[in-house]
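What follows is the residue order along each chain.
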Amino acid sequence: MKILWVNEEASNFGGCETYIRNTVQALKVRGHRSYLFYKFDCLAEQEFTGLFEEAYPLVELQRQLRSIEPDIVFIHRWQGVELHEGIPAMGYPTVRMFHDHRPFCLRDHGISPITGQSCQHSLGVNCYLDLGFIVRSSGMLPIKIASLSDKKRHLHAIKKSSAYMVASSFMVDKLERHQFNKSKINLIPLYVDSPLADVEEQVVKDNKLVFYAGQLIKGKGVDLLIKALANVEEDFTLAIAGKGNDEEKLKALAKELHIAEKTEFLGHLSKAELAHYYQKALMLVVPSRVAETFGLVGPEAMSYGTAVIASNQGGNKEWLVHEKTGLLVPPNEITGLTHAIRTLLQFPELAQKYGKEGKRRYEEHYTSESHISKLLSLFSCEMKKSKRVAA
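A brief look at the structure comes next. (Residues numbered from 1 in each chain as written. Predicted model: local features only at pLDDT ≥ 70, side-chain atom pairs only at ≥ 80, totals over all residues. Heavy atoms only, no water.)

## Some remarks on the side chain of histidine 178
With respect to the element layout, histidine 178 can be found in the loop between helix H7 (169-177) and strand E9 (185-187). Residue histidine 178 is classed as buried on the basis of its relative accessible area, which comes to 5%. Contacts of histidine 178, omitting those with residues within four sequence positions, involve Phe104, Ser122, Leu123, Leu155 and Lys159. (Helix = DSSP H or I, 4+ residues; strand = E, 2+ residues; numbered from the N terminus. Buried < 20%, exposed > 50% of the residue type's maximum accessible area, 1.4 Å probe, protein only. Contact = heavy atoms within 4.5 Å.)

## Looking at the sheet that holds strand E8 (residues 163-166)
The strand order across the open sheet formed by seven strands is E3-E2-E1-E4-E5-E8-E9, and the pairing between neighbours is parallel. Since the sheet does not close on itself, it has two edges, and those belong to strand E3 (54-58) and E9, each with one partner. Put simply, the sheet's adjacent strands are angled 25 degrees from each other on average, direction ignored. Here three bridges tie E8 to E9, and the two strands are oriented parallel to one another. Looking at E9, one finds that methionine 165 is bridged to asparagine 186. Of the strands in this sheet, strand E1 (2-6), E3, strand E4 (72-75) and strand E5 (94-97) touch helix H4 (residues 81-89), which is tilted by about 165 degrees from E4. Together, E8 and E9 form the strand contacts of H7, whose direction differs from that of E9 by roughly 170 degrees. (Pairing = 2+ DSSP bridges. Axes fitted to C-alpha atoms, helices over the stretch in contact; angles between N-to-C directions.)

## Section: the pattern of salt bridges
In total, this model carries 20 salt bridges according to the counting rule given. Here arginine 77 makes a salt bridge to glutamate 17, at a shortest N to O gap of 3.7 Å. Within this pair, whereas arginine 77 is found in the loop between E4 and H4, its partner glutamate 17 is found in helix H1 (residues 15-29), the two being separated by 60 residues in sequence. On the accessibility criterion, glutamate 17 (1% relative accessible area) is buried. We note a salt bridge from arginine 289 to aspartate 223, for which the minimum N-O separation is 2.7 Å. Of this pair, arginine 289 sits in the loop between strand E13 (281-286) and helix H12 (297-302) while aspartate 223 sits in helix H9 (residues 222-229), and the two are 66 residues apart along the sequence. (Salt bridge = Lys/Arg side-chain N within 4 Å of Asp/Glu carboxyl O.)

Structure follows, in structure tokens:
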């Protein structure tokens with residue numbers, strides 16, 4: 001199968017790109033060939049583009065498409081009406097995957113600027129009532145006005161894809177609320193690479209270690225975690241892995257709340273380093289304000305037998321079974337988060353029990369074999385439909 005991937009970034013930028021990188025490698029083992037189009041003004045890393053048979057900045061859509069003649073086009077993060085309309089118009093079967101809230105939100109990240117909580121509105125007039133049209137700008141002025149009509153035009157173009165792919169029932173509901181064709185929505189949960197066996201065998205669990213892994217931005221709620229731990233009476237150590245715009249603010253907050261000496265900012269970790277902390281930590285905490293479209297970091301920790309505490313919203317509710325693989329807590333709320341953390345610190349054997357059950361759940365639902373099989377089935381189905389239309 002010849003698969004054309006389309007994504008704005010051509011580097012190890014974030015979770016979307018991690019999915020692309022891992023899946024391209026898994027498909028290559030199965031004999032499938034992958035090609036990449038990316039934005040001409042993005043940073044292209046050889047480590048990333050080298051995974052593909054060929055990788056090009058997108059400049060002239062029709063000519064470049066014909067030069068590859070893909071069997072299927074797999075579109076990821078991409079802002080632009082021309083591409084979403086042009087590829088289906090040329091008769092190529094297209095699958096559009098949704099990684100985040102960007103297509104449905106004027107501010108891109110799905111958080112209300114007034115309440116600071118996950119936005120529950122569909123794209124529309126409520127975005128203006130909620131001041132969602134005011135967004136940050138990198139230009140001369142610090143803010144700009146986002147256009148609702150432009151965002152709706154983009155959403156309409158996306159709907160022209162042959163099929164849509166999401167990783168959670170939460171996102172199925174989001175697409176349906178935005179009038180996407182239900183028959184074209186495909187739910188395929190994400191997957192986690194197999195744990196690194198050498199790390200898994202050597203690392204000893206630290207019953208005082210609380211771990212966070214992810215971006216250091218407001219939507220991820222790391223400040224909520226720091227505030228919650230400031231109320232914890234039990235002995236603990238907080239390890240924070242990741243980078244982001246709020247890093248200095250979070251360091252200042254930890255100092256202000258007198259837990260800086262118990263908090264370590266690790267920065268970006270390699271796969272092996274991340275695996276070490278997943279295995280070592282008593283718990284992973286996912287305190288997101290925004291409703292995660294899936295929340296892959298949770299199943300990653302579960303694959304190493306680590307209990308998870310997560311906000312009770314979005315995709316988190318689908319992989320975390322409350323009081324079985326971990327604990328769900330009210331989103332954007334400190335008291336419940338504090339209580340959950342204290343519970344696992346007080347009863348580490350309970351955390352270990354959750355961890356064992358979480359690993360079993362990972363093995364049943366979130367392996368690469370299950371995901372790749374469903375993905376290839378979707379591709380094959382769309383290719384057959386395209387041939388029938390052409391005939």
